[in-house]
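Fold and geometry: a report
Listed below are the residues making up each chain.
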Amino acid sequence: MTGPTPRPGIMEIELYVPGKSKLAGRRKTIKLSSNEGALGPSPGAVKAYRRAARGIERYPDGQCTELRAAIGHRHGLDPRRILCGAGSDEILYNLARAYAGLGDEILFSHYAYTMYPIIAHSVGAAPVAAPEPEFTAEIDALLARVSAKTRILYLANPNNPTGTYVAADEMKRLRAGLREDVLLVVDSAYAEFVVRNDYSAGAELVDAGANTVMTRTFSKIHGLAALRVGWAYCPPAIHDALDRLRSPFGVSAPAQAAGAAAMEDGAHIAKARDHNAAWLPWLRDRLAELGLACVPSAANFLLVRFPDADGKRAADANRFLEKRGIIVRDTTVYHVPQYLRITIGREDEMRAVVRALAEFMG
Ligand SMILES: Cc1ncc(COP(=O)(O)O)c(C=O)c1O
């Protein structure tokens, strides 16, 4: 007897490998493997979440009206063009469901977020990776890989796992160089951490036309990864398409309430940004003193290169850290096995990781 056959592409999906969250036999760990915010959520968000627990027998507001209003207020954006989803991943998926399919191509840069090829296969489209020699997306390399079949270009800015970013004028050049019917998705999951004056999260590119979407998340600076909330800022026609595809009650009521409270707590967002602005260069400099170079990062993590020497490789360092209860990200699935990605955590966590790596490097 034969069972049903999945649609073309599905069996080509390589299972997503998340950052480890537990170590066997250890109750207490330092988790620096998934780029979650170092300071956790705003106390107001936790309070709102608890309050929402009183009404969980009712379906949530499927349109996320209050949450969209809070996002619009914080970011100076029209709530009618904002769409919320169960994590930005859900929205990234639905953009592909809406705009690509069998025989199409979905383009991204070589060291891009690993969900993009998974998303491409999930709709039967071919994933196409443009070369990226310097660990930063190259606009000309991306444009050179556009074909008649290209439907979507996903670009994380800053990118995970490299942490590098593309400046606003280069993003503008990318948009101008793409055909009008190619959707540009600017995945700005780490935008809040960036403290560079030539950077933009992408809202003005959305406003400038009908073919660019910016996606954002509550999982990183807002510290709400477990709740699964993300959002997109879209041109009206794309908003309309996504609105038809979203699950009717995709974002739970407690998640909506916590997200709205997080948006209102500007002081907490600023504190988290300042924390990162201080500890990212601190960690980079301490690692440099140990002889470990990092890819220049504008986000809340560092991609750290380990020596190509017996006992000192990234895999050795990873085992060494795990023995001390420190979990970082093995980046083999990102095509960089000689590196580890380390999230910026609290001060005590940063000091612990540096102490452990100093011991490892001898
Ligand atoms: C670049 C990038 N985009 C999107 C996401 C997904 O975030 P969310 O939790 O909103 O689904 C991540 C999470 O690691 C990410 O690194």
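Before reading further, recall that the structure is shown in the block above.
Summary of the structure given here. (Residues numbered from 1 in each chain as written. Predicted model: local features only at pLDDT ≥ 70, side-chain atom pairs only at ≥ 80, totals over all residues. Heavy atoms only, no water.)

**Some details on the packing of helix α3 (residues 87-99) against helix α8 (residues 236-245)**
Which entries qualify depends on this criterion: Lines fitted to the C-alpha atoms define the axes, with helices restricted to the stretch that makes contact. Angles between their N-to-C directions range from 0 to 180 degrees. Helix and strand definitions here come from DSSP, where helices need a minimum of 4 consecutive H or I residues and strands a minimum of 2 consecutive E residues; each element is numbered from the N-terminal end. Oblique is the label for every angle not falling under 35 degrees (roughly parallel), over 145 degrees (roughly antiparallel), or within 65 to 115 degrees (roughly perpendicular). Residue contacts are defined here by distance: any two heavy atoms, one from each residue, within 4.5 Å place the two residues in contact. Put simply, Ala, Val, Leu, Ile, Met, Phe, Trp, Tyr, Cys and Pro go in the nonpolar bin, Asp, Glu, Lys and Arg in the charged bin, and everything else, Gly too, in the polar bin.
Direction vectors running N to C along α3 and α8 enclose 105°, while the axes themselves pass 10 Å from each other. The angle between α3 and α8 places the two elements in the roughly perpendicular class. Two secondary-structure elements touch here, α3 through Ile91, Asn94, Leu95, Arg97, Ala98 and Tyr99 and α8 through Ala237, Ile238, Ala241, Leu242 and Leu245. For the contact of α3 with α8, the per-class residue count stands at nine nonpolar, one polar and one charged.

**Quick look at the packing of aromatic side chains**
Counted only if it meets this: Aromatic contacts are taken between Phe, Tyr and Trp rings whose centres are within 6.5 Å, Trp giving its six-membered ring; a plane angle under 30 degrees counts as stacked, one over 60 as edge-to-face, and the others as tilted. Remark: exposure states derive from per-residue accessible area (1.4 Å probe, protein chains only) relative to the maximum for the residue type, with buried under 20%, exposed over 50%, and partly exposed in between. Charges are assigned to positions over rings by a cutoff of 6 Å between ring centre and Lys NZ or Arg CZ, combined with an angular limit of 35 degrees from the ring normal.
Tallied over the entire structure, the rule returns eleven aromatic pairs. Ring centres of tyrosine 111 and phenylalanine 135 lie 4.7 Å apart, and the angle between their planes is 55°; on these two criteria the pair is classed as tilted. Highlighted residues: tyrosine 111 in the loop between β3 (105-109) and α4 (115-122) and phenylalanine 135 in the loop between β4 (126-130) and α5 (139-144), separated in sequence by 24 residues. Neither residue differs from the other here; tyrosine 111 and phenylalanine 135 are each classed as buried. By way of ring pairs, the aromatic residues Phe108, Tyr113, Tyr116 and Tyr154 are connected into one cluster. A cation over an aromatic ring shows up here: lysine 312 above the ring of phenylalanine 360, its NZ or CZ 5.1 Å from the ring centre. Sitting over the ring of phenylalanine 320, arginine 324 keeps its end group 3.6 Å from the ring centre.

**Topic: the site of the ligand**
As a reminder, the rule being used: Definition of nearness: a residue and a molecule or strand are near each other if at least one heavy atom of the residue lies within 4 Å of the molecule or strand. Here a polar contact is recorded for every N or O atom pair within 3.5 Å, except that within protein the pair must consist of a potential hydrogen donor and a potential acceptor, and residues adjacent in sequence are included only if both atoms are side-chain atoms.
Ser88, Asp187, Tyr190, Thr217 and Ser219 are the nearest of the 13 residues found near the ligand. The contact in question runs from an oxygen atom of the ligand to an N or O atom on the side chain of asparagine 160, over 2.8 Å. Tyrosine 190 is positioned with one of its side-chain polar atoms (N or O) 2.7 Å from an oxygen atom of the ligand. The greatest single-element share of the shell around the ligand, amounting to three residues, is contributed by α3. In terms of residue class, the shell around the ligand is made up of four nonpolar, five polar and four charged.

**Side note on the pairing of strand β9 (residues 301-305)**
Stated formally: The pairing criterion for strands is at least two bridges between them, as found by DSSP.
Across the five residues of β9, four count as buried, placing the element largely inside the fold. Taken together, the five bridges between β9 and strand β11 (residues 339-343) define a ladder with antiparallel strand orientation. Bridging from a neighbouring strand, arginine 305 pairs with tyrosine 339 of β11.

**Observations concerning unusual backbone geometry**
With an omega of 0°, the peptide bond running from asparagine 157 to proline 158 counts as cis. By secondary structure assignment, the location of proline 158 is in the loop between β5 (150-156) and α6 (168-177). Unusually for a residue other than glycine, cysteine 64 sits at a positive phi of about 55°. Note on placement: cysteine 64 falls in the loop between α1 (43-52) and α2 (65-75).

**Quick look at the pairing of strand β6 (residues 183-187)**
Basically, it comes down to this: Here is how to tell: hold the view so the strands point away, follow the path from the first strand over the helix to the second, and if it runs clockwise the crossover is right-handed.
The buried count for β6 comes to five of five residues, which makes it a mostly enclosed element. By the alternation rule, side chains of β6 split into Leu183, Val185 and Asp187 and Leu184 and Val186, which are all buried. Of the pairings in the sheet, the one linking β5 to β6 comprises five bridges and is parallel in character. Along β6, the bridge assignment pairs leucine 155 with valine 186. Note that the unit made of β5, α6 and β6 has a crossover that is right-handed. Where β6 meets strand β7 (residues 212-217), four bridges bridge the pair, whose relative direction is parallel. The partner of valine 185 across the bridge, within β7, is valine 213.

**Some points on the environment of arginine 246**
The topology assignment puts arginine 246 in the loop between α8 and α9 (253-264). By relative accessible area, arginine 246 is classed as buried at 17%. Taking the C-alpha atoms as reference points, arginine 246 and proline 127, 119 residues apart in sequence, are found 23 Å from one another. Here the side chain of arginine 246 touches glycine 62 through a polar contact of 3.1 Å, landing on its backbone oxygen. Only 2.7 Å separates the side chain of arginine 246 from the side chain of aspartate 243, close enough to count as a polar contact.

**A look at the state of the cysteines**
The cut-off we apply is this: A pair of cysteine sulfur atoms is labelled a disulfide when the two atoms are within 2.5 Å.
Evaluation of the coordinates by the stated rule reveals zero disulfides. In this structure cysteine 64 is a free cysteine whose sulfur lies 4.4 Å from that of cysteine 84, the closest cysteine sulfur available. Looking at the unpaired cysteine 234, the closest cysteine sulfur is the one in cysteine 84, lying at 10.0 Å. For cysteine 234, a relative accessible area of 0% puts it in the buried group.

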